[in-house]
Amino acid sequence: MAWRNQFQEMANSKPLFLTIYATVILGIVCSSFYVFSAIYSSGSSSALSPFSWWTPQISSQSRNLDQAPNTSQLTTAGMNLAPAAQKQHKSARPIWEIPPSGSKMPPLKTFRLTKELVQQRVKDNVIVVTFGNYAFMDFILTWVKHLTDIGVDNLLVGAMDTKLLEDLYWKGVPAFDMGSHMSTIDVGWGSPTFHKMGREKVILIDSILPYGYELLMCDTDMVWLKNPLPYLARFPEADVLTSTDQVIPTVADDRLEIWQQVAAAYNIGIFHWRPTDSAKKLAKEWKEMLLADEKIWDQNGFNDLIRRQLGPSVDEDSGLLYAYDGTLKLGLLPASIFCSGHTYFVQAMYQQLRLEPYAVHTTFQYGGTEGKRHRLREAMVFSDPPEYYDTPGGFLTFKPSIPKNLLLDGEHSIESHFSLVNYQIKQIRTALALASLLKRTLVMPPLWCRIDRLWFPHPGILEGTMTRRPFLCPLDHVFEVNVMLKELPEDEFGPGISFREYSFFDNPSLPRQVKESWLEVQLCQEGSKNCVVSNSTSPLRVLKLPKRSTEETLKRVFYAFKDVKVIQFLSLQDAFLGFTDKKREEKFRNRVKHYVGVWCCVENHKPGHIYYDMYWDEKPGWKPSPPQKPEDDHPPW
């Protein structure tokens, strides 16, 4: 053939061309073989799994260059041989894609946890997992939404009851059946069922690691704010990377915590496992420990095992240490960016260090599940339905007025703290009465504190923390959020009072029709110029209202504005005298007395807690002090 003769001539005259042409021909042959193999394997692939319709498809866009795949890199002769970014299963579909209309849910056995099921969701050999029961449905949807918003879709949700499994299926969220047959209600922290959930987590970890995938395990009461996978990939030698309850920073940047300086417990609400022999050995022993003794809390068990040996450091730079059996390589995620409820909501450590947080976990809070939800709402990271932001009856809010001396003057002490908080409580009490009277939802004001709240005696703030004073404290530091949301019998406590978080009007989810329907109320001294009872407003949409207005006056005036979405009082000083009906007033007082909690705790005194009192101003000589006798240790009602 002509091309062969030509090649022969060139090869005889120039040996270099022989090498070049041979390389080109070999490349063409190999490429052709690869293409035909891919076509053949695609055409002969096995039937799609029943999960394939809702498993998300990998984006056609290439991975960002600044985001390394979350797999361990192999090093040979000084060269990094990182595997190429691994795509998800070819049958994967986007999360949130709902099942076709008229379709039926597959049999329950289809949702069993298997390697094949996990494989459909894996990307770069990583799977991100949480689990829970139906009581945490809104937390789970929030968790999933934040991950998908930041481009992470290699996730799975373990369902502990079939109601949750079914709801997730119909919403297009990939889930598997944990076979727990658990109740659908909130079981409460510390209960026997709560401890069962902890054991289920450990069983889950022990089940997934043998599949050979890296596992980022999360509790449902945390939220991802930034894609953590590139960060975790910075430590390819780590067998386990875990969050902690550390409240004192050991680093000022995004390095791992200096393990020798971490005195707090390792928190298992956020931790990353690689399928190494050491990690699998730890998971197996942890599971066996918990199954042998149901009284052991899963986190305590993990800490006991992992601290069996601590140190030495793996090297000088990575921040990793040897732990557990002396071969497991452990890293402690920095609490400034893998935040606890204290480092995020109280210290705002990430802000002070000018760092971007990856996650927030709602620990260090005092209102149960309701308190966790409210904290995430205060941070504007909780996913609520549209009706949450446009409730029937509209909203009521006010501009709090706090004298500078209460905020800043003098020492930050128990006395100055209670003076500040009590001043705010009195205004909130009036706002609650007005919201109840006008049947509106109260948007709470920001709450300022001068000392921290914890479970144990302390001098006001913990030494070494970055807590600034005064600081914007979470509502559950003072108010019993879970009680405020509880359905109390109306014949004893009067009608319920809905409320929203202080950041409500700043939330991007607030609809335009609420933002643009606003009435401001300015209190005035009755008898002064233009201070008359009227439902007419100024051109700037401001209503003047005499101070100390009666219940009947307020009802009559604001009935004309029943369609206004937001009523804002510019001040609440002497805004309302109280309910005319004595029974209604008594029921209201019974209700709001239960709304405030305790501060904890005074040093060198048992008990050390001090009760807040909604009606502190009606008790001459009231002072903040802990109960002096056991019979005095009760709320002020």
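A.B. asks: Looking at this structure, how should I read the overall build of the protein chain?
C.D. replies: Counting secondary structure elements, the protein chain contains 19 helices and 24 strands. Within the protein chain, the proportion of its 637 residues that are buried is 50%. By element, 54% of the accessible surface of the protein chain is carried by carbon and sulfur atoms, the whole surface being about 30800 Å².

A.B. asks: Looking at this structure, how should I read the sheet that holds strand S14 (residues 359–361)?
C.D. replies: The strands that make up a sheet pair up through hydrogen bonds in the backbone, lying either parallel or antiparallel. Taken together, the 3 strands give an open sheet; going across it, the order is S7-S14-S13, and neighbouring strands pair in mixed fashion. This sheet does not close on itself; its edge strands, each paired only once, are strand S7 (222–224) and strand S13 (338–339).

A.B. asks: How should helix H4 (residues 137–149) be read in this particular structure?
C.D. replies: Note that an α-helix has 3.6 residues per turn; residues three or four places apart therefore point the same way. Given a rise of 1.5 Å per residue, 13 residues ought to cover 18 Å, and the 18 Å separating the end C-alpha atoms of H4 matches this to within 8%. When H4 is considered as a whole, its buried residues turn out to be Met137, Phe139, Ile140, Leu141, Thr142, Trp143, Val144, His146 and Leu147. On its buried face, H4 sits against strand S3 (126–132), strand S4 (155–159), helix H5 (162–171), strand S6 (214–218), S7 and helix H12 (368–378). In the stretch just after H4, Gly151 is the one whose phi turns positive, near 85°.

A.B. asks: Can you walk me through the nonpolar core in this structure?
C.D. replies: Buried together is how nonpolar side chains tend to be arranged in soluble globular proteins. Formed by 55 residues in total, the largest nonpolar core has its most connected members in Leu432, Phe479, Phe558, Phe569, Tyr595 and Met614. Elements represented by at least two residues in this core include exactly strand S15 (395–398), helix H14 (414–438), helix H15 (481–484), strand S20 (518–524), strand S21 (542–546), helix H18 (551–559), strand S22 (566–569) and helix H19 (582–593). The element that contributes the greatest number of residues to this core is H14, accounting for 11 residues. Those residues within four positions of Phe558 in sequence are excluded, and the remaining contacts are Leu438, Leu519, Val521, Leu543, Leu545, Ile567 and Phe569. Phe111, Trp143, Leu229 and Leu232 belong to the second largest nonpolar core, which has 42 residues in total.

A.B. asks: What exactly am I supposed to notice about the environment of Lys439 here?
C.D. replies: Structurally, Lys439 can be placed in the loop between H14 and strand S16 (441–443). Remark: the alpha-carbon pair of Lys439 and Pro495, spanning 56 residues in sequence, is separated by 9.2 Å.

A.B. asks: Would you explain the packing of aromatic side chains in this entry?
C.D. replies: Each aromatic ring pair is specified by the distance between its two centres and by the angle formed by the two planes. Applying the stated rule across the entire model yields 31 aromatic pairs. With centroids separated by 5.8 Å and ring planes inclined at 85°, the aromatic side chains of Phe111 and Tyr169 adopt a geometry described as edge-to-face. Of this pair, Phe111 sits in the loop between strand S2 (79–81) and helix H3 (115–121) while Tyr169 sits in helix H5; the two residues are 58 residues apart in sequence, bridging distant segments of the chain. Tyr169 matches Phe111 in its accessibility class, with the two residues each being buried. Site record: aromatic cluster; members linked through ring pairs are Tyr388, Tyr389, Phe395, Phe504, Phe505 and Trp518. The ring of Tyr134 has Lys163 lying over it, and the distance from NZ or CZ to the ring centre is 4.2 Å. Above the plane of the ring of Tyr388 lies Arg500, whose end atom (NZ or CZ) is 3.9 Å from the centre.

A.B. asks: Help me out: how do you make sense of the environment of Ile268 in this one?
C.D. replies: In this structure, Ile268 sits in strand S9 (residues 266–273). Counting along the chain gives 25 residues from Ile268 to Ser243, while the straight-line C-alpha distance between them is 6.6 Å.

A.B. asks: Looking at this structure, how should I read H18?
C.D. replies: Where H18 is concerned, the buried positions are Glu551, Thr553, Leu554, Val557 and Phe558. One face of H18 carries all of its buried residues, which in axial projection span an arc of 160°. Away from its buried face by more than 90 degrees, H18 exposes Arg556 and Tyr559. Looking at the buried positions of H18, the neighbouring elements they touch are H14, S20, S21 and S22.

A.B. asks: What's the story with the packing of H14 against H18 in this structure? I'm lost.
C.D. replies: A pair of packed helices is captured by two measures, namely the crossing angle of their axes and the spacing between those axes. Contact pair H14 / H18: the axes reach a minimum separation of 10 Å and the direction vectors enclose 60°. With respect to H18, the element H14 is oriented oblique. For the pair H14 and H18, the crossing hand works out as right-handed. Residues Leu434, Leu437 and Leu438 of H14 form the contact with H18, whose participating residues are Glu551, Leu554, Lys555 and Phe558. In the contact of H14 with H18, the residues fall into 5 nonpolar, no polar and 2 charged.

Definitions and cut-offs
- Residues numbered from 1 in each chain as written.
- Predicted model: local features only at pLDDT ≥ 70, side-chain atom pairs only at ≥ 80, totals over all residues.
- Heavy atoms only, no water.
- Helix = DSSP H or I, 4+ residues; strand = E, 2+ residues; numbered from the N terminus.
- Buried < 20%, exposed > 50% of the residue type's maximum accessible area, 1.4 Å probe, protein only.
- Areas by Shrake-Rupley, 256 points an atom, 1.4 Å probe, with all protein chains shown as cover.
- Pairing = 2+ DSSP bridges.
- Expected span 1.5 Å × (residues − 1).
- Contact = heavy atoms within 4.5 Å.
- Core = buried A, V, L, I, M, F, W, Y, C linked by side-chain atoms within 4.5 Å.
- Phe/Tyr/Trp six-rings, centres within 6.5 Å; stacked < 30°, edge-to-face > 60°.
- Lys NZ or Arg CZ within 6 Å of the ring centre and 35° of its normal.
- Arc of directions from axis to C-beta.
- Axes fitted to C-alpha atoms, helices over the stretch in contact; angles between N-to-C directions.
- Parallel < 35°, antiparallel > 145°, perpendicular 65-115°, else oblique.
- Left-handed = near helix turned anticlockwise from the far one by under 90°.
- Nonpolar A, V, L, I, M, F, W, Y, C, P; charged D, E, K, R; others polar.

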